[in-house]
Number of protein chains: 2
Amino acid sequence: MTLTGKMLIGQQSLSGNREAIRAINPATNAALEPAYLGGHGEHVAQACALACAAFDTYREASLEARATFLETIATQIEALGDELIDRAVAETGLPRARIQGERGRTCGQLRTFARTVRAGEWLDVRVDTAQPERQPLPRPDLRQRHIALGPVAVFGASNFPLAFSVAGGDTASALAAGCPVVVKAHGAHPGTSELVGRAVAQAVKACGLPEGVFSLLYGSGREVGIALVTDPRIKAVGFTGSRSGGIALTQAAQARPEPIPVYAEMSSINPVYLFPAALEGRAEALAQGFVASLTQGAGQFCTNPGLVIAIEGAALDRFISTVSEHLPGCAAQTMLTPGIYSAYDEGVRALSEHAHVAATGRAAEGPNQGQAHVFATQAQDFLSNTHLQAEVFGSASLIVACADADEVRRVSEHLEGQLTATLHLDDADLASAKALLPVLERKAGRLLVNGWPTGVEVSDAMVHGGPFPATSDSRSTSVGTAAIHRFLRPVCYQDFPDALLPGALQHGNPLLLRRLLDGQREA
Amino acid sequence: MTLTGKMLIGQQSLSGNREAIRAINPATNAALEPAYLGGHGEHVAQACALACAAFDTYREASLEARATFLETIATQIEALGDELIDRAVAETGLPRARIQGERGRTCGQLRTFARTVRAGEWLDVRVDTAQPERQPLPRPDLRQRHIALGPVAVFGASNFPLAFSVAGGDTASALAAGCPVVVKAHGAHPGTSELVGRAVAQAVKACGLPEGVFSLLYGSGREVGIALVTDPRIKAVGFTGSRSGGIALTQAAQARPEPIPVYAEMSSINPVYLFPAALEGRAEALAQGFVASLTQGAGQFCTNPGLVIAIEGAALDRFISTVSEHLPGCAAQTMLTPGIYSAYDEGVRALSEHAHVAATGRAAEGPNQGQAHVFATQAQDFLSNTHLQAEVFGSASLIVACADADEVRRVSEHLEGQLTATLHLDDADLASAKALLPVLERKAGRLLVNGWPTGVEVSDAMVHGGPFPATSDSRSTSVGTAAIHRFLRPVCYQDFPDALLPGALQHGNPLLLRRLLDGQREA
């Protein structure tokens, strides 16, 4: 497939006429062809009009039709073969195996949502049957289901060109919920976005769905993004990116005449707790695990372990000295974009002003390579200096030494919201871990024992979310099947004749759903 | 029980020192004793500090303990006996039977949430068991439950002094979810609020819960309300009231360093559609039903039928003329407060400027009595004049005559979000109703056939919610058991030993929950 540099508005390919976006191979700083001319407000309006026109049809497509559509997208992405892998590698500097794995994750995610759609639990069907004889007033027949919110705007992320981009988790869960999707491609990987976008558009066509179910726009700067979030036909937004970007979109969405929900996954430093017995027993192994997690993928994960919290003493000293032994052996890695690299560089410099450097990785040997950095500080300094809590996206982390368990608790209460919190513990630590747990539950969406936060499973029980600023909406997850709930709202039907009821609510239960019927869950 | 005029901060009674709030008997304009001195920021801070201190304990209280607490509140409210009824009647001007019914609804609501808490479905437990042998990477053990968001601020409503106030639906659902609650009493019924507040505080004590689980504050003006919404310890807000009030709270909540969700139920005119065959067959009966629904409780319901939409012609003329026959027999009714009465009066005057008066009820015979008004207009005027879509809280409604079904659809698409939409139809209308249904599903939280929107059942399937401006969050309901979901967020536990897991997630499933286990729902 030849890349065209064009946007997709429904089934139509269109060129923008704003500033060109061109991918940069971060490993060489070479610009990649073709140029993607940015769209403008009129393109946004066209895509939203198509999405709006498709909505009533698409949201009532059968569960089977919608599931098949998601599976067809996966098949179409796989059919892109090596062209997709080659382009994604060139646009991101990520290793080939990582991109191949991410493709597997992306397609698996689409198929997982297909299963979720078919199972139909997300409809949350509730039926309260009529009680015409009830005193003092009869009870009407009441039936509730969930329906899709409306067209959704999705912003592709820089760090997962497949799994959190054009056909990533936000798109998959919105399509699963019955929402048409308008994607704004991330400027770092426009070619990858075009390839995947065409795969989705082909699936729309192959499944006989209205073309407005999917559009793909390009645009540098704020024009396209803000036009999209403020278009009255858009009813929700999915975003993965920076804190400032997420907050800007949230504010634009709140300032609309009709405010809409924004699911922005933004900023997290993912504290890792080394409890005393665990640290005493295996400081060296923990240090090696930490270094591996920190440097994986140049640290460009939302769940990168950016903070280590432990009680000071000989065991923590051993941990730090093992980190200092191993980090220098870690090569600097090409970061995703020149912009991300320079932001990392700046973040490291800022941390250097407020904490001391405990260890560094190998120096850069090519353009845009991030050198790993581990800093250390005292709890008192951490508590009094908000700079130390800023996310530095990349392989940078800060070790906070606490005087005792009380100080560990104070540091924890001081933390902003997080995607994850990790506890390394042995049996002898259970009581202290249990005492700290309520704080961590208030702070983070996912808690891990004796693991590392990088690596986010796509499954039913996953929570990739958390209190602000980890996300803009702690009631949700952006990974895993529960992500579908972000794009749904309940509707109640009172005393409806069967002929007017949607299938999910009809008296004969033709979809064989496990309804909540008069307060009892059906078997 | 002697009313004290004091606030409740946990178990402590405290006087404020700001401007006094005094209830007015709207039937006589007489001020009622005692005066309630308003609180200030320091009282808010004390209540929030107590709520915060109570949170970790209260949210982990057993399901049985929390359910018993809700039931104890209901028992304590019933034990107030006639004193509560007398005071509520005096403060609101509502008929005694209505207040008695509302007490039943309020206590029934508390007991319904007790059942919901015990059933435990709201925990939404999901378990993905470990797959250590999985390739290319092992899967960890992942367990998800929902936990309470944190302390919740609840604003009492004017129009339901019991069911939507101190121990109303917001409080009941927040307590059910595990959230401590700080209530700001509505200034229209401070004595009713004190009585109910003391009942709740007694239940807190009787159940041995931390005192911060419940506080009750008074305050005129914005000081207490804004301090409450912006206190960093408050994590969500429940509100029922005006559009401007709800928007102000939402904006204050969004402007916090950590924005929080606001569930504001605000403004709805509740369109009623009279389909041709139904109108032809029973214009007179529909008109009588409409008048009864419109004038019930002086029209002071969020779901009052403020808009009637039909195709013009002889049948609609019969409907209007029957309304004109019956409305003059409807006595003017005392409204809740002098302020609500004058807002109604103003709203009626504004509508009079933009539509013609089709019928009026009997003129007022006492202070603060609202005279029912029905207006009529043409669809073209409705479409071009946004004044005609403003909610007038009270017994006022507007009939919109449309040329044909297309115009009915255009009027419907033009509507803002609504709590309800009602369809009066016969079999011959099914096709046209079906064609309009997708629009109505997008516009409203509850759709009714051949009924009237007043009367909101507390049950599993109820939705009392809808797109903006009906509410600030269309993903939720403020009535019915699903209201508990507003105050919850998911947390995932990865590779946790049983000793650290909450009961709901332990391997042996000691709470006997129907978990989603490896993708399958347990029986």
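Since we're looking at a predicted model, the values are computed, not measured.

Peer 1: Explain the relation of the copies chain A and chain B here, please?
Peer 2: Each of the two chain copies can be generated from the other by rotation about an axis followed by a shift along it. Screw-axis analysis of chain A against chain B gives a translation of 0.0 Å along the axis, an RMSD of 0.0 Å, and a rotation angle of 180°. Here the copies are linked by what is in effect a two-fold axis. Using C-alpha coordinates, one finds that chain A approaches the rotation axis most closely at Ala523(A), a distance of 3.2 Å. When the interface residues of chain A are mapped onto chain B, 100% of them again lie at the interface, so the same face is used by both copies.

Peer 1: Please clarify how the sheet that holds strand S23 (residues 488-494) of chain B should be interpreted in this entry.
Peer 2: Strand pairing in a sheet relies on backbone hydrogen bonds. The paired strands run either parallel or antiparallel. Across the sheet, which stays open at both edges, the 12 strands sit in the order S17(A)-S19(A)-S20(A)-S15(A)-S14(A)-S21(A)-S22(A)-S23(B)-S8(B)-S7(B)-S24(B)-S25(B) with mixed pairing between neighbours. Only two strands of the sheet have a single partner each, and these edge strands are strand S17 (356-360) of chain A together with strand S25 (520-521) of chain B. Summarising the sheet, strand S8 (residues 142-148) of chain B and S23(B) pair through 7 bridges and their orientation is antiparallel. Residue pairing across strands places His146(B) opposite Pro490(B), the latter belonging to S23(B). Helix H9 (residues 276-295) of chain A rests against strand S14 (271-274), strand S15 (307-311), strand S19 (373-378), strand S20 (396-402) and strand S21 (418-424) of chain A of the sheet, and its axis sits at about 170° to S15(A). Set on the sheet, helix H11 (residues 338-354) of chain A makes contact with S19 and S20 of chain A; between it and S19(A) the angle comes to about 30°.

Peer 1: How should the pattern of salt bridges be read in this particular structure?
Peer 2: Side chains that differ in charge, positive against negative, can pair when their charged atoms come close. Within the structure shown, the criterion is met by 72 salt bridges over all chains. Taking the shortest distance from any N to any O, the salt bridge between Glu78(A) and Arg111(A) comes out at 2.9 Å. Of this pair, Glu78(A) sits in helix H2 (residues 63-79) while Arg111(A) is found in helix H4 (residues 96-119), placing the two residues 33 residues apart along the sequence. Residue classification places Glu78(A) among the partly exposed positions, given a relative accessible area of 37%. Each of Asp56(A), Arg59(A), Glu60(A), Arg145(A), Arg409(B), Glu413(B), Glu441(B) and Arg442(B) takes part in a single network of salt bridges with overlapping partners.

Peer 1: I tried to follow the environment of Asp170(B) on my own but got confused; where do I start?
Peer 2: Residue and element names in this part refer to chain B. Examined against the element boundaries, Asp-170 turns out to sit in helix H5 (residues 169-177). With 308 residues separating them in the primary sequence, Asp-170 and Ser-478 have C-alpha atoms 6.7 Å apart. Setting aside chain neighbours within four positions, we find Asp-170 in contact with Val-154, Gly-238, Phe-239, Thr-240, Ser-478, Arg-486 and Phe-487. A distance of 2.9 Å separates polar atoms of two side chains, one belonging to Asp-170 and the other to Arg-486.

Peer 1: What is the right way to read the pairing of strand S11 (residues 214-217) of chain B from this model?
Peer 2: Residues and elements named next belong to chain B. Burial along S11 is two-sided: the residues Phe-214 and Leu-216 and Ser-215 and Leu-217 are all buried. By the bridge criterion, 4 bridges tie strand S10 (residues 181-184) to S11 in an arrangement that is parallel. Pairing of Val-181 across the sheet is with Phe-214, part of S11.

Peer 1: Would you mind showing me how to read the state of the cysteines here?
Peer 2: Two cysteines whose sulfur atoms are joined by a covalent bond form what is called a disulfide. Here the structure, examined in full by the defined rule, presents 0 disulfides over all chains. Of all cysteine sulfurs in the structure, the one in Cys107(A) sits closest to Cys207(A), which takes part in no disulfide; the separation is 14 Å.

Peer 1: How do you make sense of the domain arrangement of chain A when you look at a structure like this?
Peer 2: It is common to give the size of an interface as the accessible area lost on bringing the parts into contact. Residue and element names in this part refer to chain A. Each assigned domain of chain A is listed here: domain 1 (7-266 + 475-486) and domain 2 (271-449). Of note, the centres of domain 1 and domain 2, computed from C-alpha atoms alone, are 33 Å apart. Contacts between the two partners involve 18 residues from domain 1, matched on the other side by 15 residues from domain 2. Buried surface at the junction of domain 1 and domain 2, summed over both partners, amounts to about 1200 Å²; 57% is from carbon and sulfur atoms. On the domain 1 side of the interface with domain 2, the three residues burying the most area are Pro-26, Asn-159 and Glu-265, jointly 34% of the side's total.

Cut-offs used in this document
Residues numbered from 1 in each chain as written. Chains lettered and ligands numbered in written order. Predicted model: local features only at pLDDT ≥ 70, side-chain atom pairs only at ≥ 80, totals over all residues. Heavy atoms only, no water. Least-squares fit on C-alpha atoms with pLDDT ≥ 70 in both. Contact = heavy atoms within 4.5 Å. Pairing = 2+ DSSP bridges. Helix = DSSP H or I, 4+ residues; strand = E, 2+ residues; numbered from the N terminus. Axes fitted to C-alpha atoms, helices over the stretch in contact; angles between N-to-C directions. Salt bridge = Lys/Arg side-chain N within 4 Å of Asp/Glu carboxyl O. Buried < 20%, exposed > 50% of the residue type's maximum accessible area, 1.4 Å probe, protein only. Polar contact = N/O pair within 3.5 Å; in protein donor to acceptor, adjacent residues only side chain to side chain. Disulfide = S-S within 2.5 Å. Domains from an automatic or database assignment. Buried area = accessible area lost by both parts, 1.4 Å probe.

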